[in-house]
Amino acid sequence: MALPGVARADDTLGGATQGTDQRAETGDDGTVSVTVGGVVFDRSKNGTGDSAGPLTSSASWSPPPCWYAPKYSPEELQAHLEPIWEAGSTGHQWDTEQRKRYVDPDNPEKDFNKDRSGKGYWWASYVDKSFPPGWDSCDEDYFWVDEGDAPPANIENAVTPEILAELAYAEIRVPGTEVTLAPAQTTKVNLPTWAWLDAAEFKPVSVTASVPEIGIEATATAVPVSLKVEPGTPDAESYPASGVCAIVDGRIGEPYARGKADSTPPCGVKYLRSSGDGTFPLQATVTWQIDWTGSGGAGGDLPDGEFGATQDVVVQEIQAINR
């Protein structure tokens, strides 16, 4: 049996949308916001395209597996709970205890806090629908919060700007990291291979999470800071030696140009043996720095995130010509 105050992250505020996957709304400016788990996400400045993907935290950190947010008005909670009690599927004792909590037989106007309708919300927990570890830790039953008041101090993971920033972090998608190589497709043993990422493909992305019912929001922004190139074989040298290429003037690495064949690339690799009949899996991983700003001047940093991709590189021996 589901916990009485726990909702899936795909539930939305309001009885009419309870249980739906998500709700999308288009604003006057054409942007689309999506409501998931009681939180509205604006993804209009997110990364797009088939190669875009989520960040993996470079630290031992993960976004909240569950959280609390406004869920029901007094009338909506009554419409949700009374059919459950009438069905008796949750047991007489539980139903009786719940009725005592929400129903005042001496003053029906106070049932479910209806005398405070429009002045607050019943809050409940929402669960990340991927059910990560800790998803069942938000087991508080419905609780009331007056408009303008903070949730009870003993309630962990009640939405705040920082919690919203962490949830926004989980929604960030960054562009793919296939680097441009020169020589392209096929390179030669002992020949420096230049690697770079175009600035046009590499710009900050952000997601804004908000709870309009209580007027708070936060924006998490990811900014690319470096590229790590791993040749895919120990028989190779990296440029620089660490394999980590910094971003300079909005670009990582430097495009190869005619006349630079004898120069050392600022970002790249040099293979010391051929790949034979196969290929080497060159791994390109970009590190993204994450910061956030939120309501009331709140803000700070979140752990860096990484996103990478593998591309196959053919390495051939340089053929000597015998005369």
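Residues numbered from 1 in each chain as written. Predicted model: local features only at pLDDT ≥ 70, side-chain atom pairs only at ≥ 80, totals over all residues. Heavy atoms only, no water.

Novice: Talk me through the state of the cysteines; I want residue IDs and the actual numbers.
Specialist: Tallied over the entire structure, the rule returns two disulfides. Each sulfur in the disulfide pair Cys-66 and Cys-138 lies 2.1 Å from the other. The S-S bond linking Cys-66 to Cys-138 shows a torsion near 80°; that makes this disulfide right-handed. One end of the pair, Cys-66, is in strand β7 (residues 66-72); the other, Cys-138, is in the loop between β8 (120-127) and β9 (143-146), with 72 residues separating them in the sequence. (Disulfide = S-S within 2.5 Å. Helix = DSSP H or I, 4+ residues; strand = E, 2+ residues; numbered from the N terminus.)

Novice: Give a description of the packing of helix α1 (residues 74-87) against helix α2 (residues 92-102) that names residues and reports values.
Specialist: Axis angle and axis distance: for two packed helices, these are the angle between their axes and the distance between the axes, and together they describe the pair. At a minimum axis separation of 10 Å, α1 and α2 run at an interaxial angle of 155°. As far as their axial angle goes, α2 and α1 are roughly antiparallel. Viewed along their axes, α1 and α2 form a crossing whose handedness is left-handed. Here Leu-77, Leu-81, Ile-84, Trp-85 and Glu-86 of α1 lie close against α2, whose contacting residues are Trp-94, Asp-95, Gln-98, Arg-99 and Tyr-102. Looking at the contact of α1 with α2, its residues break down into six nonpolar, one polar and three charged. (Axes fitted to C-alpha atoms, helices over the stretch in contact; angles between N-to-C directions. Parallel < 35°, antiparallel > 145°, perpendicular 65-115°, else oblique. Left-handed = near helix turned anticlockwise from the far one by under 90°. Contact = heavy atoms within 4.5 Å. Nonpolar A, V, L, I, M, F, W, Y, C, P; charged D, E, K, R; others polar.)

Novice: Mind laying out the nonpolar core, listing which residues take part and the relevant values?
Specialist: Ranked by size, the top nonpolar core spans 59 residues in total, and within it Val-39, Leu-55, Val-159, Leu-227 and Trp-288 carry the most contacts. Top contributing element to this core by residue count: strand β20 (residues 280-294), with seven residues. Judged by nonpolar contacts, the second largest core, of eleven residues, contains Trp-85, Phe-112, Trp-122 and Trp-144. (Core = buried A, V, L, I, M, F, W, Y, C linked by side-chain atoms within 4.5 Å. Buried < 20%, exposed > 50% of the residue type's maximum accessible area, 1.4 Å probe, protein only.)

Novice: Describe the confidence of the model for the protein, with residues and values.
Specialist: Residue-level pLDDT values for the protein average 85, and 87% of them are 70 or greater. No element of the protein has a lower mean pLDDT than strand β1 (residues 6-8), which averages 47, and none a higher one than strand β16 (residues 236-239), which averages 96. Between residues 1-24, whose pLDDT stays under 50, and residues either more than four places distant or in other chains, the model counts 72 contacts. (pLDDT = per-residue confidence, 0-100.)

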